[in-house]
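Analysis of the macromolecular model
Listed below are the residues making up each chain.
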Amino acid sequence: MGKWLIIFLVYILSHFPTPLLAGGEVSGGSLSTESRWIVDELGRRVKLRCVNWPSHLEVAVAEGLSKRPAEEISGEIRDLGFNCVRLTWPLFLFTNDTFASLTVRQSFKNLGLSESIAGVVQNNPSIIDLSLLDAYKEVVGSIGRQKLMVILDNHISKPGWCCSNFDGNGFFGDQYFNPELWLKGLTRVATIFKSYNNVVAMSLRNELRGPKQNTNDWYRYMQKGAEAVHAANPAVLVILSGLSYDRDLSFLAKKPVSLTFSKKLVFELHWYGFSDGQAWANGNPNQVCGKVTSDTTRQAGFLLDRDYPLFVSEFGVDMRGINVNDNRYLNCFMGWAAENDVEWALWALTGSYYFREGIIGHDEAYGVYDWNWCGVKNQSILDKISALQYPFRGPGYEEARPHKVLFHPATGLCVTRVSLLEPLVLGPCSEAEAWSYGNHKTLTIQETYFCLQASGLGKPAKLGLTCRDASSKWEAISDSKMHLSSNLKDGTDVCLEADAGNKIVTSKCKCLDNRERTCDPGRQWFKVIDSTRHRSRSNSLTQVVSVVKLLTKSAMGWI
Ligand SMILES: *[C@@H]1O[C@H](CO)[C@@H](O)[C@H](O)[C@H]1NC(C)=O
Ligand SMILES: *[C@@H]1O[C@H](CO)[C@@H](O)[C@H](O)[C@H]1NC(C)=O
């Protein structure tokens, strides 16, 4: 093959918008922030999609090591599409040398957990006689060998289950929460893990809470903590949590934190169904979703507009799928999290705990793993949540002109189209149709004249070319603003819905009356989301590009 042909091919390739690879963006280098995004050393966005791996309970050993080898667990975490682990630690592991130097075997033995000892001997023999501190380092290392990032989270002081208002671990000055000792511990952890380049962030303290909590001490100590970590290891991101169990960062609206360094600060938020008691189960889902999301925006979401990344470091649901409160919350949460394209960590990896709240082998209903840490508890819920792994925008993902995608939280899928002639269906968001949503409330396929139209109750929504009438106008209605409503030719109100076969149809709008509390509008909830991603359908163009690439590669090999 001649030189000129190669030059020609390289020219062609450099002028084709080739879809960037999503996913494998664990750079190994340090992360920093760029406005509200977290970016790698090349300035490309790294979306944190993590799972919480508890290691802060009485035993102070990462859970599950009596069931499976640490590295095998880490490999499965990666295979599930997570790119990082939020690994918790109790302060005393790094401030009490007597405790830290207990061996793993002794720590289990002290709690009478002989079965766990046998399990660790079988599955992780190399750590059983290591000190608790060395075992913790070993786990961080094995997570890194599987190319996962680690966020070290100081979860509590005194090892044990977290949290309550009166457990002595809630706020600076509580029985087990001496600020000076905490600062020493942070420095120690930052120093020890400086040489682990997969440790990309430290979150300074989990769920501040209790009767002593106040904003003065929050600024005083959190700023000191942030400076201590940064001084010991300037490469890591510093993650600050708010008050009231990490639900409240509203005070930052009036007074930002003041630090000597920049581009390393991230805030974290926790958001569960039970954060609002039983509101979801007892109320109208539209009304509750509207209220709770606007509360969340006021308490934490506003930070995105102030150019800080926001890390939802705990969310999750009862994986048995039987908790109505959790199920309703999840659909609303998914809409919010996808729309805001936030960083997140699912609670939790745990199938069962060695010992929790006095119970040996305590099950984790919110766990990814089943009790035995062998299979997952609920694949369908995990599939749905995995939709949030996809970054819709941010530095390095500006592949296409800004457009909208229609996200369907109940399935984690997006509205997509096979051809102009076939009905719209739900599909992976990487293949989402690109829409523009204009002043006239029409939803038009970008760069075409085709607009979305309602054509009848229970009938597929179609694509048409006469886009002026009422059946082509789509209004986001209800308190949740997640119903897309239009009018039929005869004036009937209809809402967009994904039917049981995931076809996009229009039906009678559900749950609009706030007195209705038993209805579930999930199939009718859509979020109109900003995206700059390319549609990764393997269409003829991408096929041509890959053939040309292949030819170039082999041609290069000949020179
Ligand atoms: C340090 O750890 C040891 C061993 O667990 C414990 O007996 C002791 O009370 C701890 N000291 C403090 C100050 O917490
Ligand atoms: C998984 O969750 C769904 C609800 O989303 C539920 O219907 C199903 O029974 C659950 N499966 C298992 C195995 O628990």
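Residues numbered from 1 in each chain as written. Chains lettered and ligands numbered in written order. Predicted model: local features only at pLDDT ≥ 70, side-chain atom pairs only at ≥ 80, totals over all residues. Heavy atoms only, no water.

**Observations concerning the site of ligand 2**
Lining the immediate environment of ligand 2, one finds Met319, Arg320, Gly321, Lys377, Asn378, Ser380 and Ile381. Contacts to ligand 2 include Asn378, whose side-chain N or O atom sits 2.3 Å from an oxygen atom. Relative to its unbound accessible area of 370 Å², ligand 2 is 43% covered by the protein chains. Its residues assigned to classes, the shell around ligand 2 comprises 2 nonpolar, 3 polar and 2 charged. (Near = heavy atom within 4 Å. Polar contact = N/O pair within 3.5 Å; in protein donor to acceptor, adjacent residues only side chain to side chain. Areas by Shrake-Rupley, 256 points an atom, 1.4 Å probe, with all protein chains shown as cover. Nonpolar A, V, L, I, M, F, W, Y, C, P; charged D, E, K, R; others polar.)

**Things to note about the pattern of salt bridges**
Applying the stated rule across the entire model yields 34 salt bridges. When the shortest N-O distance is used, the salt bridge between Arg86 and Asp153 registers 3.1 Å. Placement of Arg86 in strand S4 (residues 84–90) and of Asp153 in strand S5 (residues 149–156) is noted, with a sequence separation of 67 residues between them. For Asp153, a relative accessible area of 0% gives the class buried. Residue Lys212 is joined to Asp174 by a salt bridge in which the shortest nitrogen-to-oxygen separation is 3.5 Å. Taken together, the positions of Lys212 in the loop between strand S6 (199–203) and helix H9 (215–232) and Asp174 in the loop between S5 and helix H8 (179–192) put the pair 38 residues apart, joining distant regions of the chain. Note on Lys212: relative accessible area 42%, which makes it partly exposed. One network of salt bridges, with partners in common, ties together Arg45, Lys47, Asp341 and Glu343. (Salt bridge = Lys/Arg side-chain N within 4 Å of Asp/Glu carboxyl O. Helix = DSSP H or I, 4+ residues; strand = E, 2+ residues; numbered from the N terminus. Buried < 20%, exposed > 50% of the residue type's maximum accessible area, 1.4 Å probe, protein only.)

**A short note on empty space enclosed by the protein**
Over the atoms rolls a probe the size of a water molecule, and in doing so it shows where empty space is left. What the rule picks out here adds up to 1 cavity of 30 Å³ or more. Within this model, the largest cavity holds a volume of roughly 30 Å³. Lining the largest cavity, in full, are Ser55, Ala60, Val61, Ala62, Leu132, Ala135, Tyr136 and Val139. Residue composition of the lining of the largest cavity, by class: 7 nonpolar, 1 polar and no charged. (1 Å grid on protein atoms, 1.4 Å probe; cavity = no way out; pocket = protein on both sides within 12 Å on 5 of 7 lines; lining within 4 Å. Points joined across faces, edges and corners; volume = space filled by probe spheres on them.)

**Section: the packing of aromatic side chains**
A complete count under the given rule lists 33 aromatic pairs for this structure. Between Trp89 and Phe94, the ring centres sit 5.2 Å apart and the planes meet at 85°, which makes this aromatic pair edge-to-face. With respect to class, Trp89 is no different from Phe94; both count as buried. When the centroid spacing of 5.7 Å and the interplanar angle of 85° are considered together, the rings of Phe315 and Trp344 count as edge-to-face. Taken as a pair, Phe315 in strand S9 (residues 310–315) and Trp344 in strand S10 (residues 343–346) lie far apart in primary sequence, 29 residues in all. Each of the two residues, Phe315 as well as Trp344, counts as buried. Through a chain of ring-to-ring contacts, the aromatic side chains of Phe82, Trp271, Trp280, Phe315, Tyr329, Phe333, Trp336 and Trp344 assemble into a single cluster. In this structure, Arg36 packs its charged tip against the face of Trp37, placed 3.9 Å from the ring centre. When the ring centre of Trp161 is taken as reference, the NZ or CZ atom of Arg356 above it lies at 3.5 Å. (Phe/Tyr/Trp six-rings, centres within 6.5 Å; stacked < 30°, edge-to-face > 60°. Lys NZ or Arg CZ within 6 Å of the ring centre and 35° of its normal.)

**Some details on the domain arrangement of the chain**
When cut into domains, the chain gives domain 1 (41–389) and domain 2 (397–555). Summarising the inter-unit geometry, the C-alpha centres of domain 1 and domain 2 are found 35 Å apart. Contacts between the two partners involve 21 residues from domain 1 and, on the opposite side, 26 residues from domain 2. Taking both sides of the interface into account, the surface hidden between domain 1 and domain 2 amounts to around 1800 Å²; carbon and sulfur atoms contribute 54%. A per-residue breakdown of the area domain 1 buries against domain 2 is headed by Asn284, Asn286 and Asn331, which together make up 30% of the total. (Domains from an automatic or database assignment. Contact = heavy atoms within 4.5 Å. Buried area = accessible area lost by both parts, 1.4 Å probe.)

**Digging into the sheet that holds strand S23 (residues 493–498)**
In spatial order, the strands read S19-S24-S23-S22-S21; together these 5 strands make up an open sheet with antiparallel pairing. Looking along the sheet, the strands with just one partner apiece sit at the ends: strand S19 (459–460) and strand S21 (475–477). As defined by bridge partners, S21 adjoins strand S22 (residues 483–487) across 3 bridges and the pair is classed as antiparallel. Within the sheet, the bridge partner assigned to Ala476 lies in S22 and is Leu484. (Pairing = 2+ DSSP bridges.)

**Notes on the layout of surface pockets**
For the second largest pocket, the calculated volume is near 480 Å³. Contributing to the lining of the second largest pocket are 22 residues, with Glu207, Tyr245, Tyr272, Phe274 and Glu314 lying nearest its centre.

**Quick look at the packing of H8 against H9**
The contact between H8 and H9 brings their axes to 8 Å, and the two run at 25°. Considered as vectors, H8 and H9 are oriented roughly parallel to each other. Crossing angle aside, the handedness with which H8 passes H9 is right-handed. For the pair H8 and H9, contact is made by Pro179, Trp182, Leu183, Leu186, Thr187, Ala190 and Thr191 and by Tyr221, Met222, Lys224, Gly225, Ala228, Val229 and Ala232, respectively. Counted by class, the contact of H8 with H9 contains 10 nonpolar, 3 polar and 1 charged residues. (Axes fitted to C-alpha atoms, helices over the stretch in contact; angles between N-to-C directions. Parallel < 35°, antiparallel > 145°, perpendicular 65-115°, else oblique. Left-handed = near helix turned anticlockwise from the far one by under 90°.)

**Looking at the state of the cysteines**
If you walk through the whole model with that rule in mind, you get 7 disulfides. Here Cys289 pairs with Cys332 through a disulfide, and the sulfurs are 2.1 Å apart. With the S-S bond torsion at 85°, the cross-link from Cys289 to Cys332 turns out right-handed. Here Cys289 is found in helix H11 (residues 285–305), whereas its partner Cys332 is found in helix H12 (residues 324–340), with 43 residues between them in sequence. Residue Cys289 shares its accessibility class with Cys332, and that shared class is buried. The partner cysteine of Cys414 in its disulfide is Cys429, sulfur to sulfur 2.1 Å. The sign of the S-S torsion, about 85°, decides the handedness of the disulfide formed by Cys414 and Cys429: right-handed. Of this pair, Cys414 sits in strand S14 (residues 413–416) while Cys429 sits in the loop between strand S15 (425–427) and strand S16 (435–437), placing them 15 residues apart in sequence. Pair check on accessibility: Cys414 and Cys429 agree, each one buried. (Disulfide = S-S within 2.5 Å.)

**Structural notes on the sheet that holds S4**
Ordered by their spatial adjacency, 8 strands build a closed barrel running S3-S4-S5-S6-S7-S8-S9-S10, and the pairing between neighbours is parallel. Between one strand axis and the next, the sheet turns through 30° on average, direction left out of account. Two strands pair when backbone bridges link them, and strand S7 (residues 237–241) and strand S8 (residues 265–270) are joined in this way by 4 bridges, in the parallel orientation. In the sheet register, Val238 faces S8, and the bridge partner there is Leu265.

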